[in-house]
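Single-letter residue listing:
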Amino acid sequence: MIRIFFFLVGFALMVLGLAFDILYLNLLTLGYKFSFYVHFITRRIECYYTIIGFIIILLTIITKGEKKT
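Residues numbered from 1 in each chain as written. Predicted model: local features only at pLDDT ≥ 70, side-chain atom pairs only at ≥ 80, totals over all residues. Heavy atoms only, no water.

Caption draft 1: Geometry of the overall build of the protein. Regarding its fold elements, the protein presents four helices and zero strands. Traced from its N-terminal end to its C-terminal end, the protein shows the element sequence α-α-α-α. Radius of gyration (C-alpha) of the protein: 16 Å, far over the 11 Å computed for a compact globule of 69 residues. Projecting the C-alpha coordinates of the protein onto the three principal axes gives extents of approximately 60 × 15 × 15 Å. Out of the 69 residues belonging to the protein, those deemed buried represent 20%. (Helix = DSSP H or I, 4+ residues; strand = E, 2+ residues; numbered from the N terminus. Rg over C-alpha atoms; globule rule 2.2 N^0.38 Å. Buried < 20%, exposed > 50% of the residue type's maximum accessible area, 1.4 Å probe, protein only.)

Now the structure itself:
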């Protein structure tokens, strides 16, 4: 049950982070270069949610669950 909770938390963080990444893509339509976009999102904490969520999802999938007897 705890693995499902962590999976859902990781999924929510990943969706939140990707939403901000897509939102900040509007900077490109304003004339900024792609290098500025990459530099900008690497400084924003909400864009790190994507990476954190992905790591949490990987850990919940890779780790073995407890064996109930």
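Now that the structure is up, let's keep going.
Caption draft 2: Region of the structure containing helix 1 (residues 2-24). For helix 1, which comprises 23 residues, the first-to-last C-alpha distance of 33 Å matches the rise-based estimate of 33 Å (1.5 Å per residue) to within 8%. Turning to helix 1, its buried residues number three or more, namely Gly10, Gly17, Asp21 and Tyr24. Structurally, helix 1 contributes buried residues whose contacts are with helix 2 (26-29), helix 3 (34-42) and helix 4 (48-62). (Expected span 1.5 Å × (residues − 1). Contact = heavy atoms within 4.5 Å.)

Caption draft 3: The arrangement of the nonpolar core in detail. Within the largest apolar cluster, six residues are counted, these being Tyr24, Leu27, Tyr37, Phe40, Ile41 and Cys47. Excluding residues that lie within four positions of it along the chain, Leu27 makes contacts with Tyr32, Phe36 and Phe40. (Core = buried A, V, L, I, M, F, W, Y, C linked by side-chain atoms within 4.5 Å.)

Caption draft 4: View of helix 4. Its 15 residues give helix 4 an end-to-end C-alpha distance of 21 Å, which sits within 8% of 21 Å, the value for a rise of 1.5 Å per residue. At its buried positions, helix 4 is contacted by helix 1.

Caption draft 5: Examining the pattern of salt bridges more closely. Under the definition given, this model contains one salt bridge. A salt bridge links Glu46 to Arg44, with the nearest nitrogen and oxygen atoms 3.0 Å apart. Overall, Glu46 belongs to the buried group, its relative accessible area being 12%. Among the residues examined, Arg44 registers a relative accessible area of 31% and is labelled partly exposed. (Salt bridge = Lys/Arg side-chain N within 4 Å of Asp/Glu carboxyl O.)

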